[in-house]
Amino acid sequence: MAVIEIRNLSKTFIQKDSKVEALKNINFSVEKGDVYGIIGMSGAGKSTLVRCLNFLERPTEGTVIVKGRDLGTMTPAELRKLRCNMGMIFQNFNLLMQDNVLDNVTFPLTIHGVQKKEAREKAIKLLETVGLSDKAAAYPAQLSGGQKQRVAIARALASDPEILLCDEATSALDPQTTQQILALLRKINKETGITIIIITHSMNVVREICHNVAIVEKGEIVEDGLVEDIFTHPRSKAARRLIIEGKDPEEWEEETQSSPIVEQLKEGRRVRIVFSSNSSYEPVIANMILTFSAPANILYAATKDVDGVARGEMILGLSEDGNMADKQIAYLKERGLAVEEILDEEVKGGD
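Definitions and limits used
Residues numbered from 1 in each chain as written. Predicted model: local features only at pLDDT ≥ 70, side-chain atom pairs only at ≥ 80, totals over all residues. Heavy atoms only, no water. 1 Å grid on protein atoms, 1.4 Å probe; cavity = no way out; pocket = protein on both sides within 12 Å on 5 of 7 lines; lining within 4 Å. Points joined across faces, edges and corners; volume = space filled by probe spheres on them. Helix = DSSP H or I, 4+ residues; strand = E, 2+ residues; numbered from the N terminus. Nonpolar A, V, L, I, M, F, W, Y, C, P; charged D, E, K, R; others polar. Pairing = 2+ DSSP bridges. Contact = heavy atoms within 4.5 Å. Axes fitted to C-alpha atoms, helices over the stretch in contact; angles between N-to-C directions. Parallel < 35°, antiparallel > 145°, perpendicular 65-115°, else oblique. Left-handed = near helix turned anticlockwise from the far one by under 90°. Core = buried A, V, L, I, M, F, W, Y, C linked by side-chain atoms within 4.5 Å. Buried < 20%, exposed > 50% of the residue type's maximum accessible area, 1.4 Å probe, protein only. Phe/Tyr/Trp six-rings, centres within 6.5 Å; stacked < 30°, edge-to-face > 60°.

Bringing the layout of surface pockets into the picture now. Taken as a whole, the largest pocket encloses approximately 490 Å³ of empty space. Forming the boundary of the largest pocket are 17 residues, of which Arg83, Met86, Gly87, Met88 and Pro108 lie nearest the centre. Taken together, the elements giving at least two residues each to the lining of the largest pocket come down to α2 (76–84), β6 (86–90), α3 (101–110) and α5 (145–157). At 4 residues, the largest contribution of residues to the lining of the largest pocket is made by β6. Residues that form the lining of the largest pocket fall into these classes: 9 nonpolar, 5 polar and 3 charged.

What follows is the structure, given as structure tokens:
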């Protein structure tokens, strides 16, 4: 069941001498209990999109439906009540620096009329959930970045939301702390069934925690679907940049900066293969070489965690003979491998 539906959504900002189309005809839905990623570079429109989900930003056109309610038909009071059911965490934490950790978590409860004793009891339980029971009396300035984000998560959960919006929630954190925060969000999702929408510029974040993803480029969704499906068979140029070239969106316009993978792909016909749980466990590459008496070079190999499941990938250089390369590709597909050919323009980074 879809908890959020976005239909033909567009957002235009009118500036002094021009107008900016931040979002153009956006359509997608998020199922209850899903962890849904929205990925794109700075300026792609993803943060505007997440603010449209709770009408902090009102769309110029289109419809946002949350739990069967059209937000465009709701009164300001109804929208405020709805937002209590949609927690939000941010890149910069947005904590009250003059209040201690416990008071930061109780704040949204007390402003909605919850008695102080009840609010404190609930806040203490939430701090246990995020692993900060011993920091209740500390102030934000005394905490690490990861600890601040845990406080922000506890505060966002205080009103028992069914939806949690995370706007670049890990981009200010180091890789190890990012892993810890993602593990916490995954745990909360599994234990409570809360629907989580993650705005990010990092494909590693999407692979690590998201079930579904929408790739946003220049205000439009260029590809969306299961993370595993997009990882296995990226269709759009943006997805292929993310998956095959190994570039996160912030690198897309840096044409002089090639990825380590692309640097290896100079000549010959190249394919990317992905090993899934249904793939053969035989030594596929070695057997293919023996079967056709034709070479195949392993140009790149790695194992990636995709939504909690290990997925192996390789980039192979195949025979320069076109007919032989076709036979090699067919052989790989017959053995249950996902095979994607890498085109010359992708290697060169051209448009």
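On we go from here.
Here we take up the sheet that holds strand β5 (residues 69–70). Strand order in the open sheet made by the 4 strands is β2-β1-β4-β5, with antiparallel pairing throughout. The open sheet has two free edges, formed respectively by β2 (19–31) and β5, since each of these has just one partner strand. As paired elements, strand β1 (residues 2–14) and β2 share 9 bridges and run antiparallel to each other. Looking at the pairing, Ile4 lines up with Val30 of β2. This element, helix α1 (residues 46–53), spans β1, β2 and β4 (61–66) of the sheet and lies at about 60° to β2.

The relative placement of two packed helices is expressed as an angle between their axes plus a distance between the axes. Close contact between α5 and helix α6 (residues 175–192) brings their axes to 10 Å; oriented N to C, the two are set at 20°. The orientation of α5 with respect to α6, classified from their angle, is roughly parallel. Between α5 and α6 the crossing geometry is right-handed. Facing α5, whose interface residues are Gly146, Gln149, Arg150, Ile153 and Leu157, α6 presents Thr177, Gln180, Ile181, Leu184, Leu185 and Ile188.

Here we come to the environment of Lys190. Along the chain, the position of Lys190 falls in helix α6. Put simply, Lys190 and Asp34 are 156 residues apart on the chain and 9.8 Å apart in space, counted from C-alpha to C-alpha.

The next subject is the nonpolar core. If you look at the biggest cluster of nonpolar residues, it comprises 53 residues, and the most contacted ones within it are Leu127, Ile153, Cys166, Leu185, Ile196, Ile198 and Ile209. Setting aside residues up to four positions removed in sequence, Leu185 forms contacts with Ile153, Leu164, Cys166, Ile196, Ile198 and Ile209. Counting residues in each nonpolar core, the second largest holds 31 residues, with Tyr36, Ala44, Leu53 and Met86 among its members.

As a further point, take the packing of aromatic side chains. Taken as a whole, this structure holds 2 aromatic pairs when the rule is applied. When the centroid spacing of 5.3 Å and the interplanar angle of 20° are considered together, the rings of Phe28 and Tyr36 count as stacked. On the basis of relative accessible area, Phe28 is assigned to the buried category, the value being 6%. The class for Tyr36 is buried, based on a relative accessible area of 3%.

As a further point, take the pairing of strand β3 (residues 35–39). Where burial is concerned, most of β3 is hidden: 5 out of the 5 residues are buried. Neither face of β3 is exposed, since Val35, Gly37 and Ile39 on one face and Tyr36 and Ile38 on the opposite face are all buried. Bridge count between β3 and strand β8 (residues 195–200): 5 bridges; the pairing is parallel. Note on β8: the bridge partner recorded for Tyr36 is Ile197. As defined by bridge partners, β3 adjoins strand β9 (residues 212–217) across 4 bridges and the pair is classed as parallel. Pairing of Tyr36 across the sheet is with Asn212, part of β9.

The values are spatial; any link to function lies outside them.
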